[in-house]
Each structure stands twice: as structure tokens, then as C-alpha cells.
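Listed below are the residues making up each chain.
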Amino acid sequence: MSAALHLTDEQRAVVEAPDDAHLTVLAVAGSGKTTTMVHRLAELAIRGVKPAQMRAVMFNKAAQRSFEERLRRTGIDTGELKVQTWHAMGYAIVRHLESVGAVAAMPLVADGGEVLRLVGDAIREEFAERHERPDEDDGRDAETCLEAIREWKSMLVPPARAGHATDEFLAAVYARFEKLRAARGFRTFDDLIVDAVRALDESPSRHGLADRFEHLVVDEFQDVDHAQFRLLELLAGTRARVTVVGDDDQTIHEWRGARSAFIRGEFARRIATHRHLSFTLSTTFRFGPELAAAAERAISRGVGRVPKRIIAADPEQETRLVVVTETGDSPAALDPLVAKLEELRAAGTPARDIVVLGRSWAQLLAFEWRMLAARIPFAMDEHSAFADDPSLALLLQYIRAARGVRSPIDDAMAKTVLRIVNRPFRGVSRNGIERLVRDAQREGLSLADLCFEDDLHKMAGFHGGARIELKGLGTVLLKAMRRDTGATGAADAIRLLRTEVDFREALAAHRSEASVAECLRAYEVLEDFARATKCR
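Residues numbered from 1 in each chain as written. Predicted model: local features only at pLDDT ≥ 70, side-chain atom pairs only at ≥ 80, totals over all residues. Heavy atoms only, no water.

Draft legend 1. Up close: unusual backbone geometry. Residue Arg423 is joined to Pro424 through a cis peptide bond whose omega torsion reads 5 degrees. The backbone phi angle of His131 is positive, close to 55 degrees, even though this residue is not glycine. Inspection of the secondary structure assignment puts His131 in the loop between helix 5 (112–130) and helix 6 (142–154). Judged by relative accessible area, His131 falls into the exposed class, the value being 75%. Phi is positive for Asp211, close to 50 degrees, though the residue is something other than glycine. Secondary-structure assignment places Asp211 in the loop between helix 8 (189–201) and strand 4 (215–218). (Helix = DSSP H or I, 4+ residues; strand = E, 2+ residues; numbered from the N terminus. Buried < 20%, exposed > 50% of the residue type's maximum accessible area, 1.4 Å probe, protein only.)

The following block contains the structure:
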């Protein structure tokens, strides 16, 4: 009995394909690839494949949750047939490797800010050794260096073999970063796949993971990088039949090492343990024939792509594109788009059928508060909404410091102090401030005490310049605290902080110029929101 119900002929062909072959499934946008893969796994279970012998790998957490829920509805035990992201699978493998002594046991640092700070430390060390000072926007900021480090890791390139066409400084920072990371004894998300591959490569038995699976299904295969592909090879071994699903026309992560060549034929050449079958899902349920034809004409000029049709499932489905062009950076410039959303809602369009896309999260931040003001409900996909936006993190830490500047320092405030004290750089020694914060917590002192007490500064060994900077910080925080209790709420406090703290310099130590501009724009948006809502 087949699990393939209510499927197109193309989908049914994939679901009912022989189970002794590797499959490549090219799926155009909106062609129901998730439905197809769920039914494929259900069909394999009906044929007698044990769920624990199958594994599905998704590109991100949202896709993983959606796929797992739909798989669960088929009656398959998702506790046995695990659906994982690449990082989750890498994490599970690394934990297994730690348990058998194949890799060193290390905690995972998931805080991107902490990783950026360590890259910043590596950059400063490298400049100091070269007796150089960074030029403004010279491409040697922490974000640019971290992007290079991640790309090298995605290609399994260690520091000793890292090179750069125009700037060997990046490779030097990579080497320093790895030494600092090893000294502190932790892994980042980027290390999970790398460490798993290196350990499995060294063991013929793959440390107990050789030929463990009968079937592996990998989604969004066009965005797989070299390290992920090598891990797939090692896990597949000689036993597993691998099904890869994706669309070479939708490769959007080449900037971080993704290679569409894998789905365009390299997969079939390199994993040759079983015969290969190829399928195409060309029917889209997402849009009508006009947009399908326009998309096909636009992408057909791509070089090296796999030719494929894009056919609308419903030839009568209406496709309408409306272009709204507004200029200006203020949130009010987004009012025409808010009005369009209100028009759609008034016409009875379900909220689930409306998607808002933006160039950046900082741009969407302004749109979020305009929707809040208009009482339009919304949900964020894979991103924290509004005040939890990472672009706002440093400003929010200053606000927290201002609000608690006269209160005894607790654990939360201690972390805040350490995060803001040298952002921008104030010449306050790390060891000295850490010791001072610990002493302040023990004695029940406040951040104001820490900033203004000369005796505390002398005990911590701060030089004259650092003492002056700390007193300046305390003055700004006290002024912001008083503004925060005024008639307009937090808005005046935010305005004062934006005026008196050099956030541009503070952010530039860890971010690119474009990213700094986005953060500063987000600060303006938060002030506008606070003023409009009179929030406190």
C-alpha cells in the first residue's frame, strides 16, 4: 500500500522510486518538496525500513520543525526518525565523539557577540604585533574577519593552509582566533561539522557511526558547503541511499561557501555506492502562470544551471505585482505599505497569506513598530521581534545600565557592565574591571559607586585616563536615568545616550561599516517608537 496520496505525477514518481538508489530531486519554488519528502519517508517505512535507520537533514530550525510536525502526522515516530539541522546533527555527532574520546570535550558557545569579541581580540593582537593601527573601513573589522574564518572552515581549511588573494592579514587573524579559542576551550557552531569530519575521517569505523543509516534525506541541497558534503559522504558510507532535494536556481549562500555544483552532478559522481536516479518537480503551487513564465524567462539565462520548466499548477490563478516606491528614512515613509496591509486585511485576506520581506532586519525593525502602532498582528520568522533584535543589543545594555546605575550590582548588571565598559574603548583593563565588579557585588556597591570612587579605581590599578573615562560613563548614565523618568519616557534617555556615547566607534570594533549604519538606524527607530508610544 503506497503512502503517496493526493500527489502530482512528478511527486508520486519520487515517492514510489526504488529504495536501492540515490535520488536527486530538483524542485522549483513552491513545488511541494516538503510534502514529497515526507511521503517518501512514510513510503519507505511502509516498505519495512525502520525509522531509526532513516535521517532527515534540514537547512534551518524553522524547516526542521515544520518537516518534523508533518512527518509526525503520518504516524512515524520522530523520536526514532530524527529530523535535524546540520548544526544539530553536528552537535550530536561531536557529543558522541567526545564520549568515545575521539575529540576533546568542549562547551558550545552559541553567543555570536562573544565570538565576535574574540575575533576582535585576535585583530588587536595582530595589529599590535605588526605595530600598525587600523584604517577606517579597511576591511579588517571583526565581522569581515569572522566571515572569512567561517568560509575557510566551510571548506575544511585549517589556519596553516589558509590564504587570501589580496590580504594575508585575514589568515593571520584566523590563526590567532583559533589559538585563543583553543586556550579558552570552546567550540562555535562553525566548528561542529569541521570537528566531526576530521574525527570521522581518521577512523575506518567512523567511531561507531559507519554504515549506521539505510536512508538519508537532505533538503536545500543547493546550499550545502564542502564540509557538510564531506560529512554526508562519511555518514552515507557504503550502505545508505541518499536523497538530495533542492534547486540550483535558488542557491543563495555562495557567500558562505555553498556550492550548487553538488546538486548539479557532483553528488552523483562522488557518492557512487548505488545507482542514481534523477527527478524534477516542475509544478508550482505558489503563484500563477504569469509569474511562472516571467521567472522561467529570467532564470533561463543563468550559466551552468540545470534546465527545468516552471509550470503553474492552476492556470487560472491570478498573479498581481504592486510596486510601492517611497523615499526617506523615517518610519513614516513606510505608511503606504502599512496602508496596503490594512487594505488586504479589510478585503478578507488571511494573515497567513501575507508575507513581508525586507532587505535587512534593521529595515524591518521600523516596519514592525509601524504595524504595532496600526494594531496589525504579525509574527517574525527565525528572528527575535523588535526589542530583542540583535541590532539593538548594545543600546539596550546601556539603557539597562542607566536604569540600574544606583542599585547594588547583581549578576545581570555585572554582565552588562563588562559588556559596555570598553564599548567604546575607554582604556579600562579587563582584569581590573572584572575584579572590581566582583568586589562591588560582594560589598553591595552600585555601578555609580564603581564609576566615581577613586579608591576603587586605585585598588583596581586603573590609570588616570581610565578613571576619567569611568567618571564620564557614570555621568552619562546618571543623566540618562533622570531623563528616563521624564514625561516622554525612555525616548529622551535614548536620545541622550545616542548623543553622548560614541556608538559608531563602539560598533565599528566588531562590525562592518554597513552593519554599523544599520545598527545606528535601528537606534533611531527605537527612539521614534519610544516617543510615539511614550513607553517607559
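Further notes follow.
Draft legend 2. Layout of the sheet that holds strand 2 (residues 54–58). Spatially, six strands are ordered 3-2-4-5-1-6 in an open sheet, and the strand pairing comes out parallel. The two strands at the open ends of the sheet, each matched to only one other strand, are strand 3 (82–85) and strand 6 (275–281). Along the sheet, successive strands turn relative to each other by an average axial angle of 15 degrees, direction set aside. For strand 2 and strand 4, the ladder comprises four bridges, and the chain directions are parallel. (Pairing = 2+ DSSP bridges. Axes fitted to C-alpha atoms, helices over the stretch in contact; angles between N-to-C directions.)

Draft legend 3. The arrangement of the nonpolar core in detail. In terms of nonpolar packing, the biggest core is built from 62 residues, with Tyr398, Ile433, Leu447, Leu497 and Phe503 touching the most fellow members. In terms of residues, this core owes the most to one element, helix 22 (residues 513–533), which gives nine residues. Excluding its chain neighbours within four sequence positions, the residues that come into contact with Tyr398 are Ile420, Arg423, Pro424, Arg426, Leu473, Leu477, Leu497, Val501 and Phe503. Counting 36 residues, the second largest nonpolar core, distinct from the first, contains Val57, Trp86, Val94 and Ala196. (Core = buried A, V, L, I, M, F, W, Y, C linked by side-chain atoms within 4.5 Å. Contact = heavy atoms within 4.5 Å.)

Draft legend 4. Geometry of the pairing of strand 4. Neither face of strand 4 is left uncovered, since the one carrying His215 and Val217 and the one carrying Leu216 and Val218 both have all their residues buried. By the bridge criterion, four bridges tie strand 4 to strand 5 (residues 241–246) in an arrangement that is parallel. Bridge pairing links His215 to Arg241 in strand 5. In this region the chain leaves strand 4, passes through helix 9 (residues 226–236) and returns to the parallel neighbour strand 5; the handedness of that crossover is right-handed. (Right-handed = clockwise from strand over helix to strand, strands pointing away.)

Draft legend 5. Structural detail: the side chain of His22. The residue His22 is located in strand 1 (residues 21–27) in this model. When its relative accessible area of 0% is taken as the criterion, His22 is described as buried. Side chain to side chain, His22 and Thr273 meet in a polar contact 3.0 Å long. In this structure the side chain of His22 is engaged in a polar contact, spanning 3.4 Å, whose partner is the backbone nitrogen of His274. Each residue touching His22, except ones within four places of it in the same chain, is listed here: Ala240, Arg241, Val242, Phe267, Ile271, Thr273, His274, Arg275, His276 and Leu277. (Polar contact = N/O pair within 3.5 Å; in protein donor to acceptor, adjacent residues only side chain to side chain.)

Draft legend 6. Representation of the environment of Ser260 within the structure. Inspection of the secondary structure puts Ser260 in the loop between strand 5 and helix 10 (266–270). According to the relative accessible area criterion, Ser260 is buried, its value standing at 8%. Leave out the neighbours within four places in its chain, and Ser260 touches Gln222, Asp248, Thr251 and Glu254.

Draft legend 7. Structural view of the pairing of strand 1. Counting buried residues in strand 1 gives seven out of seven residues, a clear majority hidden from the surface. In this sheet, strand 6 lies alongside strand 1 in parallel orientation, the contact comprising seven bridges. Of the residues in strand 6, the one forming a bridge with Val25 is Phe279. Both strand 1 and strand 5 contribute to a ladder of four bridges, which runs parallel. For Val25, the partnering residue across the bridge sits in strand 5 and is Val245.

Draft legend 8. Just the packing of aromatic side chains, in detail. Inspection of every chain in the model, using the stated rule, returns seven aromatic pairs. Relative to Tyr174, the ring of Trp152 lies with its centre 5.3 Å away and its plane at 5 degrees, an arrangement referred to as stacked. Of this pair, Trp152 sits in helix 6 while Tyr174 is found in helix 7 (residues 169–184), placing the two residues 22 residues apart along the sequence. On the basis of relative accessibility, which here comes to 6%, the residue Trp152 falls in the buried class. Seen in terms of ring centroids, Phe221 and Phe229 are 6.2 Å apart; in terms of plane orientation they differ by 55 degrees. Their pairing is tilted. With respect to class, Phe221 is no different from Phe229; both count as buried. Counting every residue linked through ring pairs, the aromatic cluster contains Phe221, Phe229, Phe262 and Phe267. Stacked on the ring of Phe262, the Lys or Arg Arg259 has its end atom at 4.8 Å from the ring centre. (Phe/Tyr/Trp six-rings, centres within 6.5 Å; stacked < 30°, edge-to-face > 60°. Lys NZ or Arg CZ within 6 Å of the ring centre and 35° of its normal.)

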